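# Fold and contact review
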Amino acid sequence: MDNINDVFAEYQGIYQKILDSFYPAKNSTGFPERNLSVNLSKAYEKVAEVKGQKSISWFELQFGERNNSHVDSVIINLSTNELLVVEAKRFSNPALKMKEVSKDIERIHSLVAELKTEDRIEMDKIKKCYGIVLADVWTETDIKKQILKSYKAAQKNPQDKESFINLYFPDLKLLNLQYDVRDISEIENYYLLSFLWEILL
């Protein structure tokens, strides 16, 4: 994705601006994961606009045989015909949340497969499709420090054996995998973590 570094830089900037002005959580409850997908869509749309492109976002997009599944958001760039399918995750309870990551990836692929059989999105116009899993983490425990370390290793080399997917989900094969790590300096030990991959259409 051509503009992904600009998008993640803007995404980081949105968090820094918010957290420089106020702290939205009470005690140690953390931040609702919806903010990850909302702020990424804001970042994407702003970067697209600067580049003279048109984009749109939708949250909680439903799908499935009984319409009982959803993904956190979709972003469509109407100028470049790019589709992003986004899931968000808080690593607040790593043992539980790590299991959910593989389900998130499966859900993203299931939605794309379903969209290809419908007319909600003109999939014949889509040239590129990407899955994105967003996360945040406070590195106050060893397992959370290890998660951050695995993302940093992956950012340097997505194929590193210590990278997040290879370490925790070695059977998953994702195409053109990219990682991003953003240190939010306004809060000690708080990081935004992301990975994305291409979905063939």
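What comes next is a walk through the structure. (Residues numbered from 1 in each chain as written. Predicted model: local features only at pLDDT ≥ 70, side-chain atom pairs only at ≥ 80, totals over all residues. Heavy atoms only, no water.)

Here we come to the environment of Ser150. Along the chain, the position of Ser150 falls in helix α4 (residues 142-156). In contact with Ser150, other than residues within four places in its own chain, are Glu162, Ser163, Phe164, Leu167 and Tyr168. (Helix = DSSP H or I, 4+ residues; strand = E, 2+ residues; numbered from the N terminus. Contact = heavy atoms within 4.5 Å.)

Here the structure, examined in full by the defined rule, presents 14 aromatic pairs. Ring plane angle 65 degrees and centroid distance 5.8 Å describe the contact between Phe164 and Phe169, whose orientation is recorded as edge-to-face. In this pair, the class of Phe164 matches that of Phe169, namely buried. Each member of the aromatic cluster is reached from another via a ring pair, and the members are Phe91, Tyr151, Phe164, Tyr168, Phe169, Tyr179, Phe195 and Trp197. (Phe/Tyr/Trp six-rings, centres within 6.5 Å; stacked < 30°, edge-to-face > 60°. Buried < 20%, exposed > 50% of the residue type's maximum accessible area, 1.4 Å probe, protein only.)

This part takes up the pairing of strand β5 (residues 175-183). Taken together, the seven bridges between β5 and strand β6 (residues 190-198) define a ladder with antiparallel strand orientation. Looking across to β6, one finds that Asp183 is bridged to Tyr191. (Pairing = 2+ DSSP bridges.)

Further remarks concern the pattern of salt bridges. Considering all chains together, one arrives at 14 salt bridges under this definition. For Glu100, the salt bridge is made with Lys89, and the minimal N-O distance between the two is 2.9 Å. Highlighted residues: Glu100 in helix α3 (residues 94-115) and Lys89 in strand β3 (residues 82-90), separated in sequence by eleven residues. Residue classification places Glu100 among the partly exposed residues on the basis of a relative accessible area of 22%. Each of Glu87, Lys89, Lys97, Glu100, Asp104 and Arg107 takes part in one network of salt bridges that share partners. (Salt bridge = Lys/Arg side-chain N within 4 Å of Asp/Glu carboxyl O.)

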